[in-house]
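# Chains, contacts and geometry: an overview
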Amino acid sequence: MNKINCGIIGFGVGERHAKFYNKSKFTVLKKVYEKNKSYVKQLKKRYPSINFVKNENEIINDNSIKLVSIASYDNYHCNQIIKCLKKNKDIFVEKPLCLNINELKRIIKVYKKSNSRISCNLNLRGSPQFKKIKSIHDKKKLGKTYYIEADYNYGRLHKITDGWRNKIPFYSVTYGGAVHMIDQIIWLLKDFPCEVKAEANKIVTKKSKFRFNDFSLAMLRFKSGIIGKVSSNFSCNMPHHHSLKIFGTKGTLDFGIRGLHFYNSRNKNKRPKILKFNFSEKQKNNVLKNFTMSIYRKKNYDSINFKEILNCMLVCFAIEKSFKSNKNIKINYKNYSIK
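Predicted model, so just to flag it, every value in this text is computed and none were measured.

Conventions and cut-offs
- Residues numbered from 1 in each chain as written.
- Predicted model: local features only at pLDDT ≥ 70, side-chain atom pairs only at ≥ 80, totals over all residues.
- Heavy atoms only, no water.
- Salt bridge = Lys/Arg side-chain N within 4 Å of Asp/Glu carboxyl O.
- Helix = DSSP H or I, 4+ residues; strand = E, 2+ residues; numbered from the N terminus.
- Buried < 20%, exposed > 50% of the residue type's maximum accessible area, 1.4 Å probe, protein only.
- Axes fitted to C-alpha atoms, helices over the stretch in contact; angles between N-to-C directions.
- Parallel < 35°, antiparallel > 145°, perpendicular 65-115°, else oblique.
- Left-handed = near helix turned anticlockwise from the far one by under 90°.
- Contact = heavy atoms within 4.5 Å.
- Nonpolar A, V, L, I, M, F, W, Y, C, P; charged D, E, K, R; others polar.
- Expected span 1.5 Å × (residues − 1).
- Polar contact = N/O pair within 3.5 Å; in protein donor to acceptor, adjacent residues only side chain to side chain.
- Core = buried A, V, L, I, M, F, W, Y, C linked by side-chain atoms within 4.5 Å.
- Phe/Tyr/Trp six-rings, centres within 6.5 Å; stacked < 30°, edge-to-face > 60°.
- Lys NZ or Arg CZ within 6 Å of the ring centre and 35° of its normal.

What follows is about the pattern of salt bridges. Overall, the coordinates contain 12 salt bridges when judged by the stated rule. Residue D90 is joined to K66 by a salt bridge in which the shortest nitrogen-to-oxygen separation is 3.4 Å. With D90 in strand 5 (residues 90-93) and K66 in the loop between helix 3 (57-60) and strand 4 (67-70), the pair connects residues that are 24 residues apart, well separated along the chain. A salt bridge links E320 to K324; its shortest N-O distance comes to 3.8 Å. Of this pair, E320 and K324 both sit in helix 10 (residues 306-325), separated by four residues, roughly a single helical turn. On the accessibility criterion, E320 (7% relative accessible area) is buried.

Helix packing geometry: the angle between the two helix axes and the distance between the axes. Closest axis-to-axis distance for the helix 1 (residues 14-23)/helix 9 (residues 286-297) pair is 11 Å, and the angle between their directions is 50°. The angle between helix 1 and helix 9 falls in the class oblique. The element helix 1 and its partner helix 9 pack so that their crossing is right-handed. Each of H17, F20 and Y21 in helix 1 lies in contact with helix 9, whose residues at this interface are L288, K289 and T292. Here the residues of the contact of helix 1 with helix 9 are counted per class, giving three nonpolar, two polar and one charged.

Turning next to helix 10. In this model helix 10 runs 28 Å from its N-terminal to its C-terminal C-alpha over 20 residues, within 8% of the 28 Å that 1.5 Å per residue would give. By the criterion of burial, helix 10 is predominantly enclosed, with 16 of the 20 residues buried. The backbone nitrogen of K307 lies 3.1 Å from a side-chain oxygen of the residue at the head of helix 10, namely N305. One or two steps after helix 10, the chain reaches N326, where phi turns positive at roughly 60°.

What follows covers the nonpolar core. Ranked by size, the top nonpolar core spans 107 residues in total, and within it L97, L104 and V230 carry the most contacts. With 12 residues, helix 10 is the largest single contributor of residues to this core.

Time to look at the packing of aromatic side chains. Think of a pair of aromatic rings as described by two things: how far the centres are apart, and how the planes are tilted against each other in angle. If you walk through the whole model with that rule in mind, you get 23 aromatic pairs. Relative to F255, the ring of F130 lies with its centre 5.3 Å away and its plane at 75°, an arrangement referred to as edge-to-face. Here F130, found in helix 6 (residues 128-138), pairs with F255, found in strand 12 (residues 252-256); they are 125 residues apart in sequence, far enough to count as distant. You'll find F130 and F255 in the same group, each marked buried. Among the aromatic residues, those joined into a cluster by ring pairs are Y73, Y76, Y152, Y154, W164, F170, Y171, Y175, F210, F212, F234 and F317. Its guanidinium or amino end placed over the ring of W187, K134 lies 5.2 Å from that ring's centre, counting from NZ or CZ.

What follows is about the packing of helix 6 against helix 8 (residues 173-189). Relative orientation of the contacting elements helix 6 and helix 8 amounts to 30°, with a least axis distance of 10 Å. As summarised for this structure, helix 6 and helix 8 are arranged roughly parallel, according to the angle between their axes. In this structure, helix 6 meets helix 8 at a crossing whose hand is right-handed. Two secondary-structure elements touch here, helix 6 through F130, K131, I133, K134, H137 and D138 and helix 8 through M181, Q184, W187, L188 and L189. Within the contact of helix 6 with helix 8, the residues separate by chemical class into six nonpolar, two polar and three charged.

Function cannot be read off these values alone, since they describe shape.
Structure below.
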């Protein structure tokens, strides 16, 4: 079979995509577009074999390119996705998919007329610790789940106070961080919250150039009665890490900065079982690898499907709307609306 010709728009996180495409035996990286011209001069020295083009349309209008990675700033995603869909490109987009309901509906409308596949880099699904957590949960070792909490602790304050995130028209820490943990909850429970209530603040970055909330917290309610809590803590004074706790009738899983622990007793003298897992940086590409294999083999390789991405974004939009309106927000997944 012929290799998949690929293009990349944006070469920040997009550099990881490039390294994957160049090493994979199933792909060929044909073209890259990076809007920062001075940065491109540096990149050409580091990557002399890569063809850096002058605009994104050189990638989108190239009929030989089948797969496009969109790793640009958040506010460009919607229009770039739509342009790719109109050319029937397969798309791998960095989160978030888009920034609001109107953009989401625009994407859906064009997607339905295309032959494209879309996946999103919700890369925690490819991490061994979260795969292990899902395996334990799916085997019912925790009994019946009644509460789940997930925290995205960014620990990289300079990236929002000094980087591109404070320069674009709108940035959401929920869309940029908590989206990963929302996806984990949805993936684990195989269900979607019907209602959310959220709060947010920007105490830590109050005197900085960053104009948006740096912390958000949301309660998620499911029809099954399960309650979830998810936070996006970009302002935390600790290293970057993810935290996930699942409380069940027979046991509790606690994953955080100190590792993965399994509790199956209320006895304070009984120590939890410490669960091991192997991790390497390569595993951050597992979601992209699975999507690429789905295209190459023309069948599903555990890639994140488009409907899951849409539903995850609806939860994010509901959270954003809730703390702005100070109201509980209900989510309608059938007509892609929140109110």
